[in-house]
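Listed here are the chains, written in short residue letters.
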Amino acid sequence: QVQLVESGGGLVQTGGSLRLSCAASGRTFSTYGMGWFRQAPGKEREFVAGISAIGRSTFYADSVKGRFTVTRDNAKNTVNLQMNSLKPEDTAGYYCAASTRLRAIRPYEYSYWGQGTQVTVSS
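Below is a summary of the structure that appears in this document. (Residues numbered from 1 in each chain as written. Predicted model: local features only at pLDDT ≥ 70, side-chain atom pairs only at ≥ 80, totals over all residues. Heavy atoms only, no water.)

**Section: the state of the cysteines**
Step number 1: Taken as a whole, this structure holds one disulfide when the rule is applied.
Step number 2: C22 shares a disulfide with C96; S-S distance 1.9 Å. Looking down the S-S bond of the C22 and C96 bridge, the torsion is 50°, so its handedness is right-handed. You can see C22 sitting in strand β3 (residues 18–25) and its partner C96 sitting in strand β9 (residues 92–99), a full 74 residues away along the chain. (Disulfide = S-S within 2.5 Å. Helix = DSSP H or I, 4+ residues; strand = E, 2+ residues; numbered from the N terminus.)

In C-alpha cells, the structure reads:
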C-alpha cells in the first residue's frame, strides 16, 4: 500500500516555473515506478512524466519534453516535477501515481494515486 500527497501547485504567469512534490508513505516506495499525470476540465487524464523505481530512467510526454524534469529521492520517499517555461495549456490538476509496470504511461497501469494539486498558468 502506498499513499501519495502532492503539493506545490499554484498560479504562475506564462514562462514561469513551479516545482511539484509528491510525498509517499510506505516502506516499498523504492519498488514503484512513479508517474505524473494531469487533467484539465472536460479532458481525459494524460501522462506527463515518469521515472523508474530507482530513478535511472525518465520519460516524458512530447508536450513537456525539454521543459519538465522528474526526479525522485527514495531516501525521503519523494518524487518531484520541475516545470519550467510554463504555458497556459499546462493548466490542469496534476497527479502523482505509483506503478509496478515498466515505463507505464496509461492511467490504468498505475495502482495508487494522490489527490492532485492545481496548476494554473495565466497568459
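**Quick look at the sheet that holds strand β8 (residues 78–83)**
Step number 1: What the four strands build is an open sheet, ordered β1-β3-β8-β7; its pairing is antiparallel. In the strand order of this sheet, the two ends are held by β1 (3–7) and β7 (68–73), each with one partner. Looking at each pair of strands side by side, their axes are set apart by 15° on average, direction ignored.
Step number 2: Two elements, β7 and β8, share six bridges in a ladder whose sense is antiparallel. Each bridged residue has a counterpart across the sheet, and for F68 the counterpart in β8 is M83. (Pairing = 2+ DSSP bridges. Axes fitted to C-alpha atoms, helices over the stretch in contact; angles between N-to-C directions.)

**Structural notes on the side chain of R38**
Step number 1: Within the secondary structure, R38 sits in strand β4 (residues 33–39).
Step number 2: Here D90 takes part through its side chain, which lies 2.8 Å from a polar atom of the side chain of R38.
Step number 3: Of the polar contacts made by the side chain of R38, one reaches the side chain of Y94; its length is 3.0 Å.
Step number 4: Those residues in contact with R38, other than ones at most four positions away along the chain, are E44, R45, E46, V48, S63, V64, F68, E89, D90, A92, G93 and Y94. (Polar contact = N/O pair within 3.5 Å; in protein donor to acceptor, adjacent residues only side chain to side chain. Contact = heavy atoms within 4.5 Å.)

**Looking at the environment of S122**
Step number 1: Here S122 is to be found in strand β11 (residues 117–122).
Step number 2: Residues S122 and R101, spaced 21 residues apart in sequence, show a C-alpha to C-alpha distance of 35 Å.
Step number 3: The residues touching S122, leaving out its near neighbours within four places in the chain, are L11, V12, Q13 and T14.

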